[in-house]
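# Observations on the three-dimensional arrangement
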Number of protein chains: 2
Amino acid sequence: MEEIKLTEKQKELIEKLGVFLERSGISPAQARVMGLLLVADRVELTFDEIRGALQLSKSATSNALNTLMQFEKITYITKTGDRKRYFKTVIATQKSDFQKRFKQFLSMKEIYSQILEARTPDTPKFNAELAQVVDFMEFMEEQLPEIFAKWKAKKK
Amino acid sequence: MEEIKLTEKQKELIEKLGVFLERSGISPAQARVMGLLLVADRVELTFDEIRGALQLSKSATSNALNTLMQFEKITYITKTGDRKRYFKTVIATQKSDFQKRFKQFLSMKEIYSQILEARTPDTPKFNAELAQVVDFMEFMEEQLPEIFAKWKAKKK
DNA sequence: TTTTTAGTTCTGCCACGCGAGAACTAAAAT
DNA sequence: ATTTTAGTTCTCGCGTGGCAGAACTAAAAA
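A brief look at the structure comes next. (Residues numbered from 1 in each chain as written. Chains lettered and ligands numbered in written order. Predicted model: local features only at pLDDT ≥ 70, side-chain atom pairs only at ≥ 80, totals over all residues. Heavy atoms only, no water.)

### What about the packing of aromatic side chains?
Basically, it comes down to this: In summary, the pairing rule links any two rings of Phe, Tyr or Trp, Trp by its six-membered ring, whose centres are within 6.5 Å, and it sorts them by plane angle into stacked for under 30 degrees, edge-to-face for over 60 and tilted for everything else. Strands here mean DSSP runs of E at least two residues long; helices mean DSSP runs of H or I at least four residues long; both are numbered from the N terminus. Between buried and exposed lies partly exposed: a residue is buried under 20% and exposed over 50% of the maximum accessible area for its type, with that area taken using a 1.4 Å probe on protein chains only.
Scanning all chains against the criterion turns up 18 aromatic pairs over all chains. A ring pair is formed by Phe98 of chain A and Phe105 of chain B, whose centres lie 5.0 Å apart and whose planes are at 50 degrees; its orientation type is tilted. Remark: Phe105 of chain B occurs in helix H5 (residues 93–106) and Phe98 of chain A occurs in helix H5 (residues 93–106); the pair is interchain, linking two chains. The exposure class assigned to Phe105 of chain B is buried, which follows from its relative accessible area of 6%. Ring geometry for Phe98 of chain B against Phe148 of chain B: centres 6.5 Å apart, planes inclined by 40 degrees, an arrangement best described as tilted. Of the two residues, Phe98 of chain B sits in helix H5 while Phe148 of chain B sits in helix H7 (residues 124–155), which places them 50 residues apart along the sequence.

### What about the sheet that holds strand S3 (residues 82–89) of chain B?
Residues and elements named next belong to chain B. This is how the line gets drawn: Note: two strands are recorded as paired if DSSP finds a minimum of 2 bridges between them.
Read from one edge of the open sheet, 3 strands run S1-S3-S2, paired in antiparallel fashion. At either margin of the open sheet sits one strand with a lone partner, and together these are strand S1 (45–46) and strand S2 (74–79). Note: S1 against S3, 2 bridges, orientation antiparallel. Within S3, the residue paired with Leu45 across the bridge is Phe87.

### Section: the protein's contact with DNA strand C
Rules: Note on terminology: near, applied to a residue and a molecule or strand, indicates that one of the residue's heavy atoms is within 4 Å of it. Whenever two N or O atoms come within 3.5 Å, that pair is a polar contact, provided that in protein one can donate a hydrogen and the other can accept it, and provided that, for residues adjacent in sequence, both atoms are side-chain atoms.
Inspection of the region around DNA strand C gives 17 residues, with Ala29 and Ser57 of chain A together with Lys58, Ser62 and Arg83 of chain B positioned closest. Here Ser59 of chain A contributes a side-chain N or O atom positioned 2.9 Å from a base nitrogen of DNA strand C. Measuring from a base nitrogen of DNA strand C, one finds a side-chain N or O atom of Arg83 of chain A at 3.2 Å. Here the surface near DNA strand C gets 4 residues from one element, more than from any other, and that element is helix H4 (residues 58–70) of chain B.

### Considering unusual backbone geometry
Residue and element names in this part refer to chain A. For Gln55, which is not glycine, the phi torsion reads 55 degrees and is therefore positive. Position of Gln55 among the secondary structure elements: in the loop between helix H3 (47–54) and helix H4 (58–70). Residue classification places Gln55 among the exposed positions, given a relative accessible area of 74%.

### Concerning H4 of chain B
Residue and element names in this part refer to chain B. To keep it simple, the criterion reads: Multiplying 1.5 Å by the residue count of a helix minus one yields the expected span of that helix. What the arc describes is the spread of directions from the helix axis to the C-beta atoms. Whether two residues are in contact is decided by their heavy atoms: any pair within 4.5 Å suffices.
Taking 1.5 Å of rise per residue, the 13 residues of H4 would be expected to cover 18 Å, and the 18 Å separating its terminal C-alpha atoms lies within 8% of that figure. Within H4 the residues assigned to the buried category are Thr61, Ala64, Leu65 and Leu68. Here the buried residues of H4 occupy an arc of 95 degrees about the axis, which is enough to place them on one side. In H4, the exposed positions that point more than 90 degrees away from the buried face belong to Lys58 and Gln70. Those residues of H4 that are buried are in contact with helix H2 (28–39), helix H3 (47–54), S2 and S3. Just beyond H4, the residue with positive phi is Glu72, at close to 60 degrees.

Bear in mind that shape data such as this cannot, by itself, settle questions of function.
Next up, the structure:
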């Protein structure tokens, strides 16, 4: 009851996704856990199943799961009469992740406009360019909700 | 001719921007160089001016400048009868940076759809959720050029 | 020809993050 | 009461990255 078997294809996909996630700052172990929970034939896996499938130490498994939970990338469910926790990805997070990234990028707008305000008036060309960037970010910020609305409308 | 004086406000803004940039994976020294070139009263600064203003070692300065140039965050110009190079930010990069990030995020779509294809059919609900994410990303990908066009049209 | 300029490259140190393994713990099962 | 389960926490070592300082280099100036 605890030996998750992964096909070569599944392993490959875990590693492939891993590369992406690691590039966005998450650790190898965490990345693989995310991958596993996305490719595994069962959607909810226990600590030991995860540990076994990925060949991680208990500490690595524990830490990966806990930080992923902190960032709400995963959750767990429990089953009556069973002490184990069953972990699963929060797929929906993807969409809000997107928004988060978007917003984070756009929060640079604040700093950029502060910089713009503080700049010497002696460099009008430069300042105008900078103003354009701020403007662009503002525009993007406005558009975001519209696009989301459009998406919701489309899927009906 | 080589002592860039920074106001407290300027220093503050450099550090503030630094925090943001470091979060997106760039090193403190590089982040500060970016900041300096954005807040300084002169738009083009020499190696030694940068080094002096930020109190960096020559090696740190050299490495920061070179990697920033590799990623096209900055460039330099030269002046006739002057051996020094004058470094400046490429502000326009911001917009294409935005696109790059956007695309990078959306390139996960490929992996997600591969995962979806490889998944067991025994978890239809999960698969449907995953399919929605893929769909969402596809939609966003389509929208991107439209938004850009809109921006261009607006600024006329 | 030697000296200065404008950097680059090398060496070494320190801090940090990741993950293994072992020791520990709290609850449940026996 | 003790043993097992389901993890958590601690300690350690390893690899990496960032930076300083010093040695180096290529071109220009003197």
